[in-house]
Structure formats: C-alpha cells, structure tokens
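Given next are the chains, with one letter for each unit.
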Amino acid sequence: MSGSRLTRTGLLVASLTLTGSAALAAPVSPFAAMAGTWAGGGVLSTTDGQQEQLRCRASYNVAGAGEQLRLNLRCASASYNFDLASDVEYRGGAISGSWSEASRNASGTISGRASSDRVEAAARGDSFSAHLSLTTRGGKQTVSIQPQGTNVTSVSLALNRR
C-alpha cells in the first residue's frame, strides 16, 4: 500500500473510531424532541372508580445542548385542576431535578432515567409521590402519572405538538 493510501486509510479508521466513541460516551438527550407547546387531553381515575376527562396544555423549554428542561403542565376536569412545573437536568441517561404543583402548594424532587423517546421517573414530596412515564414520538406524546397516597389513582394523557 502506498504511503498516501495508508495515511488516508488510517485517517478514516481514526475518524470512525472517534465518532463511534463520542456517540457511546454521550447519549443524546430526549429533551430536544419535547421542545415546544403541546395540547390534548386524557383521563383522570380516582380510588372510587370514577373517571374524568381532562384538557391539558404543556410547554417544554429546552436549554443548553438539550440537557436542561423546564416543564409547565396545566390540566383541568370538572372536579380537578393541576398546575405542574418542573426543572429537570439530563446527564448520561439519568434525569434529576425539582417539581412543584401550584394549586396544592406541593413540591419535591424528581429522578429517573431517559433514553431515546422515553422518560421514566419518580416524583417525591412531603405528602405526595408518583411514578411518571412519558413517551414522545414525532408530534405525539403520551404521559402516564401513577400517584400514591391520594384519591387519584392515575392520569393518562395524549398530547399533540402545536
């Protein structure tokens, strides 16, 4: 092999190796796909078996290189309203941050895992805890909230990008 051909081959192998290593070392944040305003609805279920239709609006502000997220989610039904805000950070597949709910004056921490199009997290506060699952695919998003310690047993939402 000639010297210039060997050099080109070496550079190609080195660039492929570096590109592959960078992709493995820094997972892509799922927050970028969430950026913007979303709206839709869903169902809130209670311990007495009742269900209520919800109407919701969400906004996701993504900062940095996609590793910081500010969420505002407002939902209302005939009997329930909630106004949820959170600030979350993404680092190498893990998420952590804080949340607050204005209508009940509650707040706490959130932690979990995120990859590709899915976020799985646990929210904890003094008098509230919940499991959260969020999936974003294109202009559609599903949100599932499973609270513990309240008369609400689940919240299921389907949101569309605006």
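Residues numbered from 1 in each chain as written. Predicted model: local features only at pLDDT ≥ 70, side-chain atom pairs only at ≥ 80, totals over all residues. Heavy atoms only, no water.

**A look at the overall build of the protein chain**
Here is the rule we go by: Numbering of helices and strands runs from the N terminus, with a helix taken as a DSSP run of H or I at least four residues long and a strand as a DSSP run of E at least two residues long. Only heavy atoms matter for contacts: two residues are in contact if any of them lie within 4.5 Å across the pair. Computed by Shrake-Rupley with a 1.4 Å probe, the accessible areas treat only the displayed protein chains as cover when residues are assessed.
For the protein chain, the helix and strand inventory stands at one helix and 10 strands. Starting at the N terminus, the α and β elements of the protein chain follow one another as α-β-β-β-β-β-β-β-β-β-β. Across the protein chain, the fraction of contacts at a sequence separation of at least 24, relative to all contacts at a separation of at least 6, is 32%. A total accessible area of about 9,300 Å² is found for the protein chain, and carbon and sulfur atoms account for 55% of it.

**Details of the pairing of strand β3 (residues 68-76)**
Applicable threshold: Three labels apply to residues, based on accessible area from a 1.4 Å probe with only protein chains included: buried if under 20% of the type maximum, exposed if over 50%, partly exposed otherwise in between. Any two strands are treated as partners once DSSP identifies two or more bridges connecting them.
Of the two faces of β3, the one holding Leu69, Leu71, Leu73 and Cys75 is buried and the one holding Gln68, Arg70, Asn72, Arg74 and Ala76 is not buried anywhere. Pairing of strand β2 (residues 51-63) with β3 involves nine bridges; the strand directions are antiparallel. Within the sheet, the bridge partner assigned to Ser59 lies in β3 and is Asn72. Between β2 and β3, which pair antiparallel and follow one another directly, the connecting turn spans four residues, one of which, Gly64, has a positive phi of 65°. As defined by bridge partners, β3 adjoins strand β4 (residues 81-91) across nine bridges and the pair is classed as antiparallel. Across the sheet, the residue bridging to Leu69 is Val88, located in β4. The hairpin formed by β3 and β4 contains four residues between the paired strands.

**Regarding the sheet that holds strand β9 (residues 140-148)**
This is how the line gets drawn: Every angle, taken between N-to-C directions, lies between 0 and 180 degrees, and every axis is a line fitted to C-alpha atoms, over only the stretch in contact when it is a helix.
Spatial ordering of the closed barrel is given by β1-β2-β3-β4-β5-β6-β7-β8-β9-β10, a layout of 10 strands whose pairing is antiparallel. Within the sheet, the average angular offset between the axes of one strand and its neighbour, ignoring direction, is 20°. Bridge count between β4 and strand β5 (residues 94-101): eight bridges; the pairing is antiparallel. By the bridge assignment for β5, Ala85 is matched with Ser100.

**Quick notes on the state of the cysteines**
Going by this rule: By convention in this document, the label disulfide applies to cysteine sulfur atom pairs within 2.5 Å.
Enumeration over the complete set of coordinates arrives at one disulfide. Between the sulfur atoms of Cys56 and its disulfide partner Cys75 the distance amounts to 2.1 Å. Disulfide Cys56-Cys75: torsion about the S-S bond near 120°, hence right-handed. Of the two residues, Cys56 sits in strand β2 while Cys75 sits in strand β3, which places them 19 residues apart along the sequence. Taking the relative accessible area as the measure of exposure, Cys56 reaches 4% and is therefore buried. For Cys75, a relative accessible area of 3% corresponds to the buried category.

**Observations concerning the confidence of the model for the protein chain**
Interpretation of this model should avoid reading the predicted coordinates in detail wherever pLDDT is low. Stated precisely, the cut-off is as follows: Every residue gets a pLDDT, meaning the predictor's confidence in that residue, from 0 to 100.
Put simply, the protein chain has an average pLDDT of 86, and 83% of its residues get 70 or more. Counting contacts from residues 3-25, a segment whose pLDDT is below 50, to residues more than four positions away or on other chains yields two contacts.

**Points about the side chain of Ser133**
Stated formally: Polar contacts, as counted here, are pairs of nitrogen or oxygen atoms within 3.5 Å of one another; within protein the pair requires one atom able to donate a hydrogen and one able to accept it, and residues that are adjacent in sequence qualify only if both atoms are side-chain atoms.
Locating Ser133 in the fold gives a position in strand β8 (residues 129-137). Only 3.0 Å separates the side chain of Ser133 from the side chain of Arg118, close enough to count as a polar contact. Sequence-distant contacts of Ser133, that is, excluding residues within four places in its chain, are made with Arg118, Val119, Glu120, Thr142, Val143 and Ser144.

**Some remarks on the pattern of salt bridges**
So the rule is basically this: When a carboxyl oxygen of Asp or Glu is within 4 Å of a side-chain nitrogen of Lys or Arg, the pair counts as a salt bridge.
All chains considered together, the criterion is met by six salt bridges. Note that Asp117 and Arg137 form a salt bridge whose closest N and O atoms lie 2.7 Å from each other. Here Asp117, found in the loop between β6 (106-115) and β7 (118-125), pairs with Arg137, found in strand β8; they are 20 residues apart in sequence, far enough to count as distant. Judged by relative accessible area, which is 23%, Asp117 ranks as partly exposed. A salt bridge links Arg118 to Glu120, with the shortest nitrogen-to-oxygen separation between them at 2.6 Å. The partly exposed category is assigned to Arg118, whose relative accessible area is 37%. Glu120 sits in the partly exposed class, given a relative accessible area of 25%.

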